[in-house]
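Structural overview
Listed here are the chains, written in short residue letters.
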Amino acid sequence: MTYFEHLPYLENIPAYALGALDAKEAAALEAHLQTCTSCSDELAAYRAVSDNLLLSLPPQMPSTALRKRLQKRLPSAQKTARPRLNWSFSRLAVAVAMVLLLALNVFSISQVRALRSQQEQLMDQIQNGQMALVMLSYPNTQSFPIKAAKVTGSLLLDKEYNNAVLILRGLPPISENQTYQIWLIDPNGDRTSAGLLRPQANLPFISQPLHSMKDLTNFVGVGMTVEPAGGSDHPTGSTVFRINF
């Protein structure tokens, strides 16, 4: 099993060690632990931390004055007893430590998920880049330059194999509720969506395949607009670029 296949189980181990995992996920993790030595070792490490927190402070003997006060609260010593919440320093320290440990585990899980998302985005770009390199090796691949106000790049087009890839540099950042949408343009000027993309600040360029249910020979150009998150049925936002092929 690869590291990425282990990740869902590794993320659930801290919550399982604290008894905070729901029954369905706990059952799946327990089944996995029977065959996975690394995950079993990880669970043992978390349990050791939790157990050591409970044993980190030595027991303390109550003072004489405290014992007398406790004896006065016994039913035999008084007619009515008022319940009180009595927190000792050791209990408070353990509670604080457990809260901090839980917060640290939650933070670690969020960091792992963010890292996994970044890795998935990087893998997509690697695969798209490999597709662009393969297209460049085709003798019938055409390259069309893209030069707009802030965006440069190329359109790689192979009508024989019905493949097209956009390579873009300098896409301006957009808000979370926006996306870039690619449009294929037919001879009548009608637009058909060919995919959505968002710029990534940590990459020098973006390579994006064009997706179309129709043959690319039915179109004469490609354009891009800024649209609401999730995309639109037709262009509604500002135009980023348009090229003809």
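Residues numbered from 1 in each chain as written. Predicted model: local features only at pLDDT ≥ 70, side-chain atom pairs only at ≥ 80, totals over all residues. Heavy atoms only, no water.

**A few points about the sheet that holds strand β4 (residues 178–185)**
- Strands sit in the order β5-β4-β7-β8 across an open sheet of four strands; the sheet is antiparallel. Across the chains shown, the open sheet's two edge strands, defined by having one partner strand only, are β5 (191–197) and β8 (239–244). The average angle at which neighbouring strand axes cross in this sheet is 25°, direction not considered.
- Across five bridges, strand β7 (residues 221–228) lies against β8 in antiparallel orientation. When the sheet's bridge partners are listed, M224 is paired in β8 with F241. (Pairing = 2+ DSSP bridges. Helix = DSSP H or I, 4+ residues; strand = E, 2+ residues; numbered from the N terminus. Axes fitted to C-alpha atoms, helices over the stretch in contact; angles between N-to-C directions.)

**Details of the environment of R47**
- Within the secondary structure, R47 is located in helix α3 (residues 37–55).
- Residues R47 and Y16, 31 residues apart in the sequence, show an inter-C-alpha distance of 9.5 Å.
- Residues in contact with R47, not counting those within four places in the same chain, are Y16 and A17. (Contact = heavy atoms within 4.5 Å.)

**With respect to the packing of aromatic side chains**
- One pass over the structure, following the stated rule, counts one aromatic pair.
- Here F144 and F245 contribute two aromatic rings whose centre-to-centre distance is 6.1 Å and whose plane-to-plane angle is 50°, an arrangement assigned as tilted. Of this pair, F144 sits in strand β1 (residues 142–147) while F245 sits in the segment after β8, and the two are 101 residues apart along the sequence. Each member of the pair F144 and F245 is classed as buried. (Phe/Tyr/Trp six-rings, centres within 6.5 Å; stacked < 30°, edge-to-face > 60°. Buried < 20%, exposed > 50% of the residue type's maximum accessible area, 1.4 Å probe, protein only.)

**A few points about the pairing of strand β3 (residues 163–169)**
- In the sheet, strand β2 (residues 152–158) pairs with β3 via seven bridges, with the strands oriented antiparallel. Across the sheet, residue S154 finds its bridge partner in β3, namely I167.
- As paired strands, β3 and strand β6 (residues 206–209) are joined by four bridges and run antiparallel to one another. By the bridge assignment, I167 is partnered in β6 with S207.

**Overview of helix α2 (residues 23–33)**
- Every buried residue of α2 is accounted for by A26, L29, H32 and L33. Seen end-on, α2 carries its buried residues on one side only, within an arc spanning 125°. Exposed positions of α2 whose direction lies more than 90 degrees from the buried face are A23 and K24.
- One side-chain oxygen of the residue at the start of α2 lies 3.3 Å from the amide nitrogen of K24, identifying that residue as D22. (Arc of directions from axis to C-beta. Polar contact = N/O pair within 3.5 Å; in protein donor to acceptor, adjacent residues only side chain to side chain.)

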